[in-house]
Amino acid sequence: MVIFSVYVVNKAGGLIYQYDNYVPRAEAEKTFSYPLDFVLKHHDEKVVVSFGQRDGIRVGHAVLSINGVDVLGKNTGDGKDTLEYLKDPANYPVSIRFGRARLSSNEKLMLASMFHSLFAIGSQLSPDVGSSGIEMLETDVFKLHCFQTLTGIKFIVLADPRQSGIDALLRKIYEIYSDFALKNPFYSLEMPIRCELFDQNLKGALEIAEKAGNFGAGS
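Remember, predicted model here, so these are calculated numbers, not experimental data.

Reading the values: the criteria
Residues numbered from 1 in each chain as written. Predicted model: local features only at pLDDT ≥ 70, side-chain atom pairs only at ≥ 80, totals over all residues. Heavy atoms only, no water. Salt bridge = Lys/Arg side-chain N within 4 Å of Asp/Glu carboxyl O. Helix = DSSP H or I, 4+ residues; strand = E, 2+ residues; numbered from the N terminus. Buried < 20%, exposed > 50% of the residue type's maximum accessible area, 1.4 Å probe, protein only. Core = buried A, V, L, I, M, F, W, Y, C linked by side-chain atoms within 4.5 Å. Contact = heavy atoms within 4.5 Å. Phe/Tyr/Trp six-rings, centres within 6.5 Å; stacked < 30°, edge-to-face > 60°.

> Even after reading the chapter, I still don't get the pattern of salt bridges, so can you show me in this structure?
Here the idea is simple: oppositely charged side chains can pair when their charged atoms come close. Within the structure shown, the criterion is met by 13 salt bridges. Between Asp 55 and Lys 30 there is a salt bridge, with the nearest N and O atoms lying 3.8 Å from each other. Taken as a pair, Asp 55 in the loop between β5 (46–51) and β6 (62–66) and Lys 30 in strand β3 (residues 27–32) lie far apart in primary sequence, 25 residues in all. Across the salt bridge formed by Lys 46 and Glu 107, the nearest N and O atoms sit 3.2 Å from each other. Placement of Lys 46 in strand β5 and of Glu 107 in helix α2 (residues 105–125) is noted, with a sequence separation of 61 residues between them. When sorted by exposure, Lys 46 lands in the same class as Glu 107, which is buried. Through salt bridges with shared partners, a single ionic network connects Lys 30, Asp 37, Arg 54 and Asp 55.

Structure (structure tokens):
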């Protein structure tokens, strides 16, 4: 079983902690001759495929490296614009690695804020007063689980749909937050969590949950 990531969102909708436990990387690397038979464009500080799919390369995949050197945003490793580099026939043949780019810090902040708003909408749409809001969202690839405390802090876990025991894991993460963030004299409420003991205990809890397939009482 796999737990992909953990998010902690404060009561105002701000992301105060995020940890990627496992990020699957569906990547494809091939050597190309000039010209490329698909279209690339700039999008959100990345170079992505906008048209044409082949050999595991799909629309939306980003250019991750050129000739074995990682691409830095829109630029090659030596600072050249990636699109301009790939328009020059003199640079071919060229080896390009494609894949889904990781979310940037700004994208994670934005998504946390969006989920906070959706959670509130879910509560307001409820036919009964006092709805808990969104507790789970399911796709064919992962499930999003959310636990909100009485003080409004949201603990969010993205996991494999087959992973069991997530409710207990969420409460364990809340316990770790209480013990190693709230009791830390240097931690300010609602602010980003930067505590080594919190990190270590969170990773330990995730490891136990993955190995066991669940996180039972007394763990």
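So, next bit.
> Looking at this structure, I do not really get the nonpolar core. What am I missing?
Generally speaking, nonpolar side chains in soluble globular proteins are found buried as a group. Phe 155, Val 157, Leu 169, Tyr 177, Ile 193, Phe 198 and Leu 202 are the most contacted members of the largest nonpolar core, which totals 26 residues. Counting residues per element, the ones that place at least two in this core are β1 (3–9), β2 (15–20), β11 (154–159), α3 (166–182) and α4 (196–212). Counting residues per element, this core draws most heavily on α3, at seven residues. If we ignore the near neighbours within four places in the chain, the residues touching Phe 155 are Tyr 7, Val 8, His 145, Cys 146, Phe 147, Thr 149, Leu 170, Ile 173, Tyr 174 and Tyr 177. The next biggest cluster of nonpolar side chains, apart from the first, holds 18 residues, and it includes Ala 28, Leu 40, Tyr 85 and Leu 86.

> I would appreciate a short explanation of the packing of aromatic side chains in the present structure.
By the definition in use, this model includes ten aromatic pairs. Note on Phe 38 and Phe 98: the rings are 5.4 Å apart at their centroids and 80° apart in plane angle, and the pair reads as edge-to-face. You can see Phe 38 sitting in the loop between β3 and β4 (39–43) and its partner Phe 98 sitting in strand β8 (residues 94–99), a full 60 residues away along the chain. When the ring of Phe 155 is compared with that of Tyr 177, the centres are 5.4 Å apart and the planes differ by 70°; the resulting orientation is edge-to-face. Pair noted here: Phe 155 is in strand β11 and Tyr 177 is in helix α3, with a separation of 22 residues, a long-range link. Using a relative accessible area of 3% as the deciding quantity, one classes Tyr 177 as buried. An aromatic cluster is built from Phe 147, Phe 155, Tyr 174 and Tyr 177, whose rings are joined through pairwise contacts.

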